[in-house]
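Chain residues, written in single-letter form:
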Amino acid sequence: RKDVTAFLLYSKGQEVLDAETFEQMKTNMEKMGVYVKKADTMPQTLSDISDRLENDSGSAIYMVASLSIVPVLLSVASVLGLGSIVEEGFLSELGWGAAFPKEILPRGGVGVVLGLALTYRLLVFLDLQGPRVYCGNCPSCGYAVRLCSSG
């Protein structure tokens, strides 16, 4: 980066060279397209940003929960639909009040378990077992960095 080079040439040149040699070096560098200047004449380019990434477990849980919604809903709907077909009209004979605690909860539980098993297989297929999401800032440019690691 030219601005960092210019700053380093200025600071080291002032520190090591005498005034006449420094001016000569400054003139030679300007001929090559590098302008030697003070730090206050350029935007801040050197910063003290941590290069550490922090584990964001909330984002990992949110990711897995988002991936599990569709398999669980499809499994619950399939189990309830199959149960309704097998028992031909159990809802119409018993009514919703009698059927809810007696039949729907156990079947819904089976659907949830099947949906979670499908979610696990999906995570294995996508190589997302044990996901970890790391967050931090780039030490070079300062932008936010998010990294997903799993497998």
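Above: the structure in question.
Treat the numbers as computed from the prediction; the structure is a model and nothing was measured.

## Notes on the overall build of the protein
- Along the backbone of the protein there are four helices and three strands.
- Secondary structure elements of the protein, listed N to C terminal, follow the sequence α-α-β-α-α-β-β.
- Buried positions account for 23% of the 151 residues belonging to the protein.
- Taking contacts inside the protein between residues at least 6 apart in sequence as the whole, the part at least 24 apart equals 60%.
- When the accessible surface of the protein is summed, it comes to about 10,700 Å², and 62% of that surface belongs to carbon and sulfur atoms.

## A short note on the nonpolar core
- Ranked by size, the top nonpolar core spans six residues in total: Tyr10, Phe22, Met25, Met29, Val34 and Val36.
- The greatest single-element share of this core, amounting to three residues, is contributed by helix 2 (residues 19-31).

## Some details on helix 3 (residues 57-86)
- Compared with the 44 Å implied by 1.5 Å per residue over 30 residues, the 43 Å span of helix 3 between its first and last C-alpha is a close match.
- Remark: the principal bend of helix 3, roughly 35 degrees, maps to Ser68, with a proline, Pro71, within the next four residues.

## Let's talk about the pattern of salt bridges
- Scanning all chains against the criterion turns up one salt bridge.
- With its nearest N and O atoms 3.8 Å apart, the salt bridge here joins Arg146 to Asp56. Here Arg146 is found in strand 3 (residues 144-149), whereas its partner Asp56 is found in the loop between strand 1 (54-55) and helix 3, with 90 residues between them in sequence.
- When its relative accessible area of 25% is taken as the criterion, Asp56 is described as partly exposed.

## Description of the side chain of Ser59
- For Ser59, the position within the fold is in helix 3.
- In terms of polar contacts, Ser59 uses its side chain to reach the side chain of Arg146, at 3.1 Å.
- Once residues lying within four places of it in the same chain are set aside, the contact partners of Ser59 are Val133 and Arg146.

## Let's talk about the environment of Met29
- Following the sequence through the fold, Met29 ends up in helix 2.
- Put simply, Met29 and Ala6 are 23 residues apart on the chain and 9.2 Å apart in space, counted from C-alpha to C-alpha.
- With sequence-adjacent residues up to four places away left out, Met29 is seen in contact with Leu9, Val34 and Val36.

## Describing the sheet that holds strand 1
- Across the sheet, three strands lie side by side as 1-2-3; this open sheet has antiparallel pairing. With partners counted over all chains shown, the strands left at the sheet margins are strand 1 and strand 3, one partner each.
- Relative to strand 2 (residues 132-137), strand 1 runs antiparallel, the two sharing two bridges. Counterpart to Glu54 in the pairing with strand 2 is Cys135.

## Some words on helix 2
- With 13 residues, helix 2 extends 19 Å from end C-alpha to end C-alpha; this agrees with the ideal 18 Å at 1.5 Å per step.
- Listed in full, the buried residues belonging to helix 2 are Phe22, Met25 and Met29. The arc enclosing the buried residues of helix 2, seen along the axis, measures out at 65 degrees, which places them on a common side. Residues of helix 2 that are exposed and point over 90 degrees away from its buried face: Glu20, Gln24 and Lys31.
- Two residues or fewer past helix 2, Gly33 is found with a positive phi of approximately 95 degrees.

Reading the values: the criteria
- Residues numbered from 1 in each chain as written.
- Predicted model: local features only at pLDDT ≥ 70, side-chain atom pairs only at ≥ 80, totals over all residues.
- Heavy atoms only, no water.
- Helix = DSSP H or I, 4+ residues; strand = E, 2+ residues; numbered from the N terminus.
- Buried < 20%, exposed > 50% of the residue type's maximum accessible area, 1.4 Å probe, protein only.
- Contact = heavy atoms within 4.5 Å.
- Areas by Shrake-Rupley, 256 points an atom, 1.4 Å probe, with all protein chains shown as cover.
- Core = buried A, V, L, I, M, F, W, Y, C linked by side-chain atoms within 4.5 Å.
- Expected span 1.5 Å × (residues − 1).
- Bend = angle between axes of the 7 residues up to and from the residue.
- Salt bridge = Lys/Arg side-chain N within 4 Å of Asp/Glu carboxyl O.
- Polar contact = N/O pair within 3.5 Å; in protein donor to acceptor, adjacent residues only side chain to side chain.
- Pairing = 2+ DSSP bridges.
- Arc of directions from axis to C-beta.

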